[in-house]
Structures are given as C-alpha cells and as structure tokens.
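The primary structure of each chain is shown beneath.
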Amino acid sequence: MYKKTAAELRHSVHQSLENYPYNGAGSAQANLQASCKNSLSFVQRLDLLQTLNVHNGCVNTVNWNASGTHIVSGSDDNHLVITEAKSGRVALKSKTQHKRHIFSARFMPHSNDQSVVSCSGEGLVIHTEFLIPYSSENCTKTEDPLVGESSRIANVFDCHTFGSTFDVLPLPDAPRSFLSCGEDATVRCFDLRQSSSCSKRMCQKHILIMAPCAVTAMDVAPFNHNNLAIGCSDSIIRIYDRRMLANAESASVSVGSTIPLKAYPIPMEYTRRHYRPTCVKFNMNESELLVSYSMEQIYLFDLKHPGYNDAGLLKSGCYTPKMRREDDPDPQMPRLRFRGDWSDTGPNSQAIAEQGFNGPNVGQARPPLEPGVLSRLSDEIFRMLNSPSRQMRQTSQAAESNADPSSSRTDPLPSQRTEGNTAAATSNRDLNNTLLARAQDTIYENMIHESDAPNISANSGSGTEGGPESTEETKEPKNEYKDGISAEDGQTFPIRNFDYVKMAFSGHRNSRTMVKGACFWGDDFIMSGSDCGHIFVWNRRTGKVVKTLLADNRVVNRVQPHPTLPYLLSSGIDYNVKVWAPVAPVPHFDDTETAGLIKSNEIMLVETRDTITVPAQIMIRILASLHQYRRLMHESGGEARSRQEAPSSNDAEAPNGDN
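As the structure is a prediction and not an experimental result, all values here were calculated from the model. Each chain has its residues counted from 1, running along the sequence as written. Since the coordinates come from a predicted model, pLDDT governs what is reported: local features require at least 70, and pairs of side-chain atoms require 80 or more to be given and counted, while whole-chain, interface and lining totals use all residues. Where side-chain values are given, they derive from all heavy atoms of the structure, hydrogens and water being excluded.

(A) Broad picture of the overall build of the chain. The number of helices and strands found in the chain is 11 helices and 33 strands. The buried share of the chain, reckoned over its 659 residues, is 56%. Contacts were defined at the residue level, with two residues in contact if any of their heavy atoms lie within 4.5 Å. Look at the contacts in the chain between residues 6 or more apart in sequence, and 63% of them connect residues 24 or more apart. Reported accessibility uses the Shrake-Rupley method at a 1.4 Å probe radius. Residues are deemed covered only where the shown protein chains occlude them. On the chain, roughly 29,300 Å² of surface is accessible, and the fraction owed to carbon and sulfur atoms is 52%. Segments assigned H or I by DSSP are reported as helices when at least four residues long, segments assigned E as strands when at least two residues long, and all are numbered from the N terminus. Relative accessible area decides the class of each residue, using a 1.4 Å probe on protein chains only: under 20% of the type maximum gives buried, over 50% gives exposed, and in between gives partly exposed.

Okay, structure coming up:
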C-alpha cells in the first residue's frame, strides 16, 4: 500500500482511518484529530451540542483545560465556574473579589486544574487556588458546588495603575508565573514564588513591558514561549522576546528596556482613529499571527516578514488620530448610542439605511432601557448637531474671520438695524440662529469633553458593552507627507505595500464589545464571533466564508476550539456557554443567506464607526444643554416681540409729532 504523507493524512479523515494501523500510535492519533478539524464537511456539520446555563450575567471568557475535560468561564456576575465538558455538570463555582465584569479566566498549567487566574474591568488580577477537589460525578444535583473562603486561596494583584485589565496568560515554561495586560499601557509578569499579592498603585516591580498606549490583547507563542505578541490601541502589533526584556527591579522600564523586536501596523497608510486589536493569536508553528481589530477586519500576518521599526512607526505619525487620509470625508458629529441600547446587535438587527430612523428595534433582546425613546432622542440630537444651519454658520464665521477679524459679530448692533417689521424679523432670525448655535456648541463641547477620556475605559460601565472608541474627530489639515518620509533605518512611511498581510477575513462585525476573540480551527479555517450574533468560519487560504452559526441573541464574544477534538465553545451576551460539534446529519451552508448577512454587517460596520456610546454623565449634560437652549429661545422670543412693538409705536407717534 502506498504510504500517505503526513500532510495528506491531516487533510483526509478517510485516509487517516485507512492508514491508522500502519502508523505509530502517537502520529496516527494526531493525524486523525487534525483531519477532523481540517474537514470542510465536518465544519459544515457543526451544530449545537449542549447549552450550559451556568451564569447569571454576560459570559466574557471561556477556556478549556489542557486535556479538554473541563471548562472555566467568567461572567459579569463576578463568578468563576468550572464545568465538566462531557456531562455539562457544574463541578465548582466560586464568587471572586472582582467587582466588575471578568474579561479573562484561564487554568494555570501543571496545577491539576485546581488553579485559575483571572482579570476584570476594574484592573484586578487574581490567582485562585482551590483547596478541595471538584465535586465527584456521584454527587447529587442538589449539592451546592459553590466554594467558600475557607476552600480557596486568592492572590490579589491590584497594581495596574488605572483602567481595565483585558487578558491574563499563564507562562507554560513557568508554572507559577502569569502575564496580564491592561489599559495602563503595561504588560506585567507576576511570579507567585516571589510575590503573593500587590496593591501598590504606582508599582513598577512587576512591569515587563511598557508600551506607548493601552495593551488590549496578547499571546504567548505555543512552542518558543519566549516570543510574545501584544496588540496596542494605536493599531500596532508588537513582537517581543522575553529574554531581551530588562528586569524591572534592576533597570528602568521606561528607558529603552521594552523595545520590541519588530512591529506590524494595521494595513492602512494612515488612520484617523485607533483600531483597537481585540485578539492576537499565534498559529501552531509560529509563522503567522491572527489579528482581529475593532471596527475593522481580521488579518493574518506573516511573521517571517522582518516587520518595521516601532520608533519609526511612532515618529511617522501615520498611526495616530491626528493624521487623516486624503480620501477621508470631512468629519461630522458622531451619532449617539445610549448605554444599554443593543438594537444594532443580534440576528435581527438592521442598518439605519434599511429600517429608517423610526424603524423598530427588533434586535433588542433584553433592553434595560427603552430603545425607542433613546433612538429618537439620539436622532434628534444628531440632526441638530449636523444641521445645515450649524454648518453654514461655521463656514460663514470662518470666511468672516479670514476677511476681517472685527466683523465676526453675528448679532447686529441696534444702530445698524433698519426700521420696520422686515428688519425686526431679520434680527429675530439672526438672534435665534445665534442662540441655536450656542446651544449646539455647548452640547458638542460636552460630548467631546466626555469622549476625550481613554477610548476603552469610557465604555466600560455596562457589562461587556465596549462600543466603539469615542475619539474626537475635528477638522484637521490633510496629511503633508505625500511623497513619504524615511526613518533612520531606511524604512519609508507611509507604508504602501503591505506584503506582510497574507489574508484578510471580512463579513463579520466587531465593534460593540471590548473582547472579541478569533481563533484557528485546524490548519485550514479561521473562526470569530460577531455583533450579529453569529460565528463566522472562513477558509484560511481563500478568505471565503464557508459556515455561519447562530450562537447568541446579541453578540458572540468568545470562540474557543477544543485542544484536540472538533468541539467548539462560544459565549457572549447571553447568560450561557454553548458547545458545538459536527453532529448535523448532512453538511449545510446557505450561501445566499450568508451573502445577505455579510452585506448587512458591512453597512452597519460603517454606521458604527461614526457612533459613540453615551454614558449617563453625558446624557445629563445633553439634557441640561437642551433645557438651557429652550430657555434662551423663550427669552429671545420675548425680546423679539418687544423689538417688533417698538417700531410700530414709533410709527404711530410720528404723525402726532408732525402736527
């Protein structure tokens, strides 16, 4: 019999089974497991196997243990839950010290799955070691799996300077060490052999990497554990070698000690906003890196490419919000989305262009606020702030200031008014326009003041609703570097040839939540969650969507493949964890339905880029500004009436004076 190569066996379930007796036990098993994940038929047979209702809040993180027998999940209910994968039974449940939503939770290696490390929105990093074994299979369902303080040891690290922590990663080569990354622009390394806790707010002891901006995603290479990739909120991916990083106890981390080996920017010549990476993932042989950007596509980077100098990228100014591409339209006031309004998510969500401004919010699953009122108020403010009168006023003021700075006064002086009702009416309109402009400017300034806060933390007040970055988009000069600028090492910016991008994957939507995972599925497929409530599966070589799964009523945050078998975990805004497996009787993929879903996502992604999530504070300011505007309009109406009556009385007294 002709002996098949390993590559052929990894891509054919039939050939793997046929050659199973003729290969070594280890390689035969590995080839069979790989062929199951690489099979398009198995991918298109994926269907819901089990729903685990183990939480009372949005599930932001879910992960397997190394053997794939247990699942750890974290939620907005601040609980860690460990579930048996086979039976779906809750083996252990623990109330943590986290006060806000848990963003990441993972099993620690070489701990018999008794230790879990987690991080949350308030910046806490906690290592929890359970002192009791998981409840046995023979226990009754009435037995409470919740463990108390006496049955666990918690090591709390509260030394991230400010903001959220987005991910934690155990180090496979150091079983008592783990990494965390956060909004304070640091990656920290905690070694339990040296520190059991830390609560210093200005702590530098554990800093491993000091980045130029918030670190929102990271991953450790699966084989060479010294390689570390981080995704920063300036849209740049940075690759480090842990062996070349200075020890914070013996050197200053702020002076040249955390320079990356190379960096890869988002494949754009310029960015006028930051596209925050929500996930970075090495492939198995560490030759590629999967990067998922908020408001953008998923990209597959070639790590064999030499990359770019990080200092050169920063000095070029191409990847800061101050630079604008020449084809960018003039910015306008962004549309408002009120916190708690999920009408643009879920399988039934529609673009504004499709449903109209007064369309029903059919995608609202469990809205804590009334979406209709909020939507109408948002549309009214949006129309007022983008009204032609405001834009004309800005244009006329700019022209007048350029022509004569002393002529910028829009309200005519009393001596300049002509007599008669026509002049009074003109003055009334000018005054009303001035008052309207003042009210609009007040609202605009309030919104910009709130959105000047860090892009990520401004949206971290309601569960996992991250929303898009609330960046200030003011009119700025066009980019001056048309011919490019050169760095010291000979690299030219802006970058126009993105030859490090091997493939781009589009069709999904990543904008509403702060954690949106993506992963490799075998050797041939890529998976990601989406704001439309679906899981998307792409062919890794062609970038074509080959399967979609309806997995949530709102947003799918996380997708995690089983370490070896063709099982998939997903979690999101729904209060559960779903397990998927190729259990459908026949492969199924509706190309027409998927095309419509992709088109809707593309339209809504463009709309979302000009939408900001409004917290309660800015809502109060907007309402106060509107109240002030109405009061000024009421006062101006009385003044205008008195001005109209004054010329009339003068006209009536004139004949008497002549006599």
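(B) Just helix 3 (residues 25-38), in detail. What a helix is expected to span follows from its residue count: subtract one and scale by 1.5 Å. A rise of 1.5 Å per residue sets the reference length of helix 3, with its 14 residues, at 20 Å; its end C-alpha atoms lie 20 Å apart and thus fit the reference within 8%. Of the residues making up helix 3, those classed as buried are Ala 28, Asn 31, Leu 32, Gln 33, Ala 34, Ser 35, Cys 36, Lys 37 and Asn 38. Packing partners of the buried residues in helix 3 comprise helix 1 (6-9), helix 2 (13-18), helix 4 (40-43), strand 26 (518-521), strand 27 (525-529) and strand 30 (556-561).

(C) View of the pattern of salt bridges. In the sections that follow, a salt bridge refers to a side-chain nitrogen of Lys or Arg positioned within 4 Å of a carboxyl oxygen of Asp or Glu. Summed over all chains, the structure comprises 17 salt bridges. With a shortest N-O distance of 3.6 Å, Lys 578 and Asp 574 are connected by a salt bridge. Note on Asp 574: relative accessible area 5%, which makes it buried. The network of salt bridges with common partners includes Asp 234, Arg 238 and Asp 310.

(D) Inspection of the sheet that holds strand 31 (residues 568-572) at higher detail. The 4 strands lie next to each other as 1-32-31-30, forming an open sheet whose pairing is antiparallel. In this open sheet, the two edge strands, each paired with only one partner strand, are strand 1 (46-52) and strand 30. For this sheet the average axis-to-axis angle between neighbouring strands, irrespective of direction, equals 25°. With 5 bridges connecting them, strand 30 and strand 31 associate as antiparallel partners. Within the sheet, the bridge partner assigned to Val 556 lies in strand 31 and is Gly 572. A pair of strands counts as paired when DSSP detects no fewer than two bridges linking them. Here the axes come from fitting lines to C-alpha atoms, over the contacting stretch only for helices, and the angles between their N-to-C directions go from 0 to 180 degrees.

(E) The packing of aromatic side chains, seen in detail. By convention, a stacked pair of Phe, Tyr or Trp rings (six-membered ring in the case of Trp) has centres within 6.5 Å and planes under 30 degrees apart, an edge-to-face pair has planes over 60 apart, and any other such pair is tilted. Taken as a whole, this structure holds 14 aromatic pairs when the rule is applied. Summarising the aromatic geometry, the rings of Tyr 264 and Phe 301 are spaced 5.9 Å apart at their centres and angled 40° between planes, so their arrangement reads as tilted. Here Tyr 264 is found in strand 18 (residues 262-265), whereas its partner Phe 301 is found in strand 21 (residues 298-302), with 37 residues between them in sequence. As far as the burial class goes, Tyr 264 and Phe 301 line up, both buried. Centre to centre, the rings of Phe 498 and Tyr 500 are 6.3 Å apart; their planes meet at 80°, and the pair counts as edge-to-face. The class of Tyr 500 is buried, set by a relative accessible area of 0%.

(F) Just empty space enclosed by the protein, in detail. Cavities and pockets were defined on a 1 Å grid built from protein atoms only: a cavity is a group of points that admits a 1.4 Å probe but offers it no way out, a pocket is an open group of points flanked by protein on both sides within 12 Å along at least five of seven lines, and a lining residue is one with an atom within 4 Å of any such point. Grid points are joined across faces, edges and corners, and a volume is the space filled by probe spheres set on the points. What the rule picks out here adds up to 8 cavities of 30 Å³ or more. Estimates place the volume of the largest cavity at around 180 Å³. In this structure, the largest cavity is lined by 19 residues; those nearest its centre are Arg 106, Asp 167, Thr 278, Cys 279 and Arg 558. Elements that contribute at least two residues to the lining of the largest cavity include exactly strand 11 (165-171), strand 15 (215-220), strand 19 (277-282), strand 26 and strand 30.

(G) Molecular detail of the pairing of strand 27. Most of strand 27 is tucked away, with 5 of its 5 residues classed as buried. Of the two faces of strand 27, both are covered, the one formed by Phe 525, Met 527 and Gly 529 as well as the one formed by Ile 526 and Ser 528. As defined by bridge partners, strand 26 adjoins strand 27 across 4 bridges and the pair is classed as antiparallel. Across the sheet, residue Trp 521 finds its bridge partner in strand 27, namely Phe 525. Connecting the antiparallel pair strand 26 and strand 27 is a turn made up of 3 residues, with Gly 522 showing a positive phi of about 70°.

(H) Layout of the nonpolar core. As used here, the term nonpolar core means buried Ala, Val, Leu, Ile, Met, Phe, Trp, Tyr and Cys residues forming a set that is joined through side-chain atoms within 4.5 Å. Val 187, Leu 228 and Ile 230 are the most contacted members of the largest nonpolar core, which totals 34 residues. Every element with two or more residues in this core is listed here: strand 7 (115-120), strand 11, strand 12 (174-182), strand 13 (186-191), strand 14 (207-210), strand 15 and strand 16 (227-232). Apart from residues no more than four positions distant in its own chain, Leu 228 is found in contact with Leu 179, Val 187, Leu 208, Ile 209, Met 218, Asp 219, Val 220, Arg 238, Ile 239, Tyr 240, Arg 242 and Phe 282. In this structure, Ala 217, Ala 221, Val 280 and Phe 301 belong to the second largest nonpolar core, which totals 29 residues.

(I) A nonpolar patch on the surface, seen in detail. Distance thresholds for patches are 9 Å for like charges and 5 Å for nonpolar side chains (Val, Leu, Ile, Met, Phe, Trp, Tyr), applied to residues having over 30% relative accessible area and no salt bridge. A cluster of nonpolar side chains, namely Leu 49, Leu 565, Tyr 567 and Val 583, defines an oily patch on the protein surface of about 310 Å² accessible area. For Val 583, the location among the structural elements is in the loop between strand 32 (577-582) and helix 10 (591-609). Val 583 sits in the partly exposed class, given a relative accessible area of 44%.

(J) Main features of the layout of surface pockets. The calculated volume of the largest pocket comes to roughly 1,800 Å³. Lining the largest pocket are 49 residues; nearest its centre among them are Pro 222, Lys 281, Met 284, Pro 561 and Pro 563. Sort the elements by how many residues they give to the lining of the largest pocket and helix 3 lands first, with 4 residues.

(K) Just the sheet that holds strand 17 (residues 236-241), in detail. If you walk across this open sheet you meet the 4 strands as 15-16-17-18, and the pairing is antiparallel. Here the strands that pair on one side only, and so sit at the sheet edges, are strand 15 and strand 18. Geometrically, the sheet is characterised by an average inter-axis angle of 20° between neighbouring strands, direction not taken into account. Pairing of strand 16 with strand 17 involves 5 bridges; the strand directions are antiparallel. From the neighbouring strand, Asn 227 faces strand 17, where its bridge partner is Asp 241.

(L) Here's a closer look at unusual backbone geometry. With an omega of 5°, the peptide bond between Phe 493 and Pro 494 qualifies as cis. For Pro 494, the location among the structural elements is in the loop between strand 24 (492-493) and strand 25 (501-505). One non-glycine residue, His 110, adopts positive backbone phi at about 55°. Structurally, His 110 can be placed in the loop between strand 6 (102-107) and strand 7.

(M) Structural context of the side chain of Thr 608. Tracing the chain through its elements places Thr 608 in helix 10. A relative accessible area of 4% means that Thr 608 is categorised as buried. Here a polar contact means two N or O atoms within 3.5 Å. Within protein one must be a hydrogen donor candidate and the other an acceptor candidate, and residues neighboring in sequence count only if both atoms are side-chain atoms. In terms of polar contacts, Thr 608 uses its side chain to reach the backbone carbonyl oxygen of Met 604, at 2.6 Å.

(N) Local environment of the state of the cysteines. Note on terminology: disulfide denotes any pair of cysteine sulfur atoms within 2.5 Å. Within this structure, the stated rule accounts for 0 disulfides. With no disulfide of its own, Cys 119 has Cys 181 as its nearest cysteine by sulfur position, at a separation of 7.1 Å. As a non-bridged cysteine, Cys 279 has Cys 519 as the owner of its nearest cysteine sulfur, 8.0 Å distant. Classification of Cys 279 as buried rests on a relative accessible area of 9%.

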